[in-house]
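Read off the chains here:
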Amino acid sequence: SNTKADLKGIYFADSMRGWAVGKKWEKGKCCGIILLTRDGGITWKEKKGKNAEHFEEVDMIDINNAWASGETGRIFHVTSDGLWTKYDTGVSGTSNQLSFITPLEGWVSIQVKTGKQEYSARILHTTDGGNTWEGRNIDEISVITGIDFIDSKNGWITGFETKEASRLTWAIFHTADGGISWNKQYSERYTCLYNIQFIDKYNGWIMGIGKDALFGLGISYFSTTDGGLTWKKENSLYLTGSDFYFV
């Protein structure tokens, strides 16, 4: 991107147009950064924020409208002409994952610190573009590392499984009622599962990083063609990554 920044999330509307978010240091201060490309990533246009928000993830409805999550429990709506709108979820924590299906309806995960080294996962839902939020705790997961909804009912999350914390287990959960209840589909020991993407009700991918990648610690990819009932795992070379997106 020709930008010296720590980029955390990426999202493309098609093969040419996409957004990326992260943070960068400038004049001794850390500030959030959002980049927009219209030529497949050859060039990027920077959309600077007015505060020191550290962006974690980005989602978009179309090329002109993107949503970004930060480390303070706030959500930002950004337009291609540089207009920023900040929304407070009302929950103190790190808003590290989000998924919008329309300009009004979306979900965001919040990592809430409950003890010295203890966390709980909470998913917030909005149907009015971020003005109001309703939340539910996810008791089975302490930290959510990925979220993706394809419609108002069906969604998937990945995260650190609370009940298996001593075994370093990550799991995939699915909801068919908009996030009211969740059912575990798959779990993996010693492999961090994150950045989940579905293109329809059946086909999806997940990125993982752990000991089973070729030549040591590296990226693994998981894919499903039956809505998550079964997952196929493929290991990569010794590589690392923050995000991926299929168009």
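Residues numbered from 1 in each chain as written. Predicted model: local features only at pLDDT ≥ 70, side-chain atom pairs only at ≥ 80, totals over all residues. Heavy atoms only, no water.

(A) How the structure looks around the pattern of salt bridges. As enumerated under the stated definition, the model contains 2 salt bridges in all. A salt bridge links Lys184 to Glu161, with the nearest nitrogen and oxygen atoms 2.9 Å apart. With Lys184 in strand E16 (residues 183-189) and Glu161 in strand E14 (residues 155-161), the pair connects residues that are 23 residues apart, well separated along the chain. With a relative accessible area of 45%, Lys184 lands in the partly exposed category. Between Glu188 and Lys233 there is a salt bridge; the shortest N-O distance is 2.7 Å. Taken together, the residues Glu188 in strand E16 and Lys233 in strand E20 (residues 232-235) connect sequence positions 45 residues apart. Using a relative accessible area of 10% as the deciding quantity, one classes Glu188 as buried. According to the relative accessible area criterion, Lys233 is partly exposed, its value standing at 27%. (Salt bridge = Lys/Arg side-chain N within 4 Å of Asp/Glu carboxyl O. Helix = DSSP H or I, 4+ residues; strand = E, 2+ residues; numbered from the N terminus. Buried < 20%, exposed > 50% of the residue type's maximum accessible area, 1.4 Å probe, protein only.)

(B) Molecular detail of the sheet that holds strand E8 (residues 84-88). Overall, antiparallel pairing links the 4 strands, which are arranged E5-E6-E7-E8 in an open sheet. With one partner strand each, in any of the chains shown, strand E5 (57-62) and E8 form the two edges of the open sheet. When strand polarity is set aside, the average angle formed by the axes of neighbouring strands in this sheet is 20°. Pairing analysis gives 5 bridges linking E5 to strand E6 (residues 65-69), with the strands arranged antiparallel. Directly across from Asp59, in E6, lies its bridge partner Trp67. (Pairing = 2+ DSSP bridges. Axes fitted to C-alpha atoms, helices over the stretch in contact; angles between N-to-C directions.)

(C) Structural detail: the pairing of E6. In terms of burial, E6 is largely enclosed, as 4 of its 5 residues are buried. Hairpin connection of E5 to E6: 2 residues between the antiparallel strands. Bridge analysis of E6 against strand E7 (residues 74-79) gives 5 bridges, and the strand direction is antiparallel. When the bridges of E7 are listed, Ala68 appears paired with Phe76.

(D) Here's a closer look at the sheet that holds strand E13 (residues 141-149). Taken in spatial order, the 4 strands line up as E13-E14-E15-E16 in an open sheet, and their pairing is antiparallel. Every other strand in the sheet has two partners, leaving E13 and E16 as the edge strands with one partner each. Strand-to-strand twist across the sheet, computed as the mean angle between neighbouring axes with direction ignored, equals 20°. Bridge analysis of strand E15 (residues 169-175) against E16 gives 6 bridges, and the strand direction is antiparallel.

(E) Broad picture of the confidence of the model for the protein. On average, the protein scores 78 in pLDDT, and the residues at 70 or more come to 73%. Every residue in residues 240-247 scores below 50 in pLDDT, and together they form 31 contacts with partners more than four places removed in sequence or on other chains. (pLDDT = per-residue confidence, 0-100. Contact = heavy atoms within 4.5 Å.)

(F) Looking closely at the nonpolar core. Counting residues in each nonpolar core, the largest one holds 15 residues, and the members touching the most others are Ile172, Leu193, Ile196, Ile206 and Trp231. For this core, the elements supplying multiple residues, two or more each, are E14, E15, strand E17 (191-198), strand E18 (204-210) and strand E19 (218-224). Counting residues per element, this core draws most heavily on E17, at 5 residues. Counting 12 residues, the second largest nonpolar core, distinct from the first, contains Ala121, Ile147, Ala171 and Phe173. (Core = buried A, V, L, I, M, F, W, Y, C linked by side-chain atoms within 4.5 Å.)

(G) Broad picture of the packing of aromatic side chains. For the structure shown, the criterion picks out 8 aromatic pairs. Each ring, one from Trp67 and one from Phe100, has its centre 4.1 Å from the other, and the planes form 5°; the classification is stacked. With Trp67 in strand E6 and Phe100 in strand E9 (residues 94-100), this residue pair connects regions lying 33 residues apart in the sequence. Comparing Trp67 with Phe100, the two get one shared label, buried. Relative to Phe149, the ring of Trp107 has its centre 3.6 Å away and its plane inclined at 0°; by these criteria the two rings are stacked. Of this pair, Trp107 sits in strand E10 (residues 106-113) while Phe149 sits in strand E13, placing them 42 residues apart in sequence. The exposure class assigned to Phe149 is buried, which follows from its relative accessible area of 4%. Following the ring pairs from residue to residue traces out a cluster consisting of Trp67, Tyr87 and Phe100. (Phe/Tyr/Trp six-rings, centres within 6.5 Å; stacked < 30°, edge-to-face > 60°.)

(H) Representation of the side chain of Asp148 in the model. Following the sequence through the fold, Asp148 ends up in strand E13. Despite being buried, Asp148 has no salt bridge partner; Lys201 is the closest side chain of opposite charge, sitting 14 Å away. Leaving out residues up to four positions away in the same chain, Asp148 has contacts with Ser99, Asn154, Gly155, Trp156, Ile196, Gln197 and Phe198. (Lys, Arg positive; Asp, Glu negative; His and termini not counted.)

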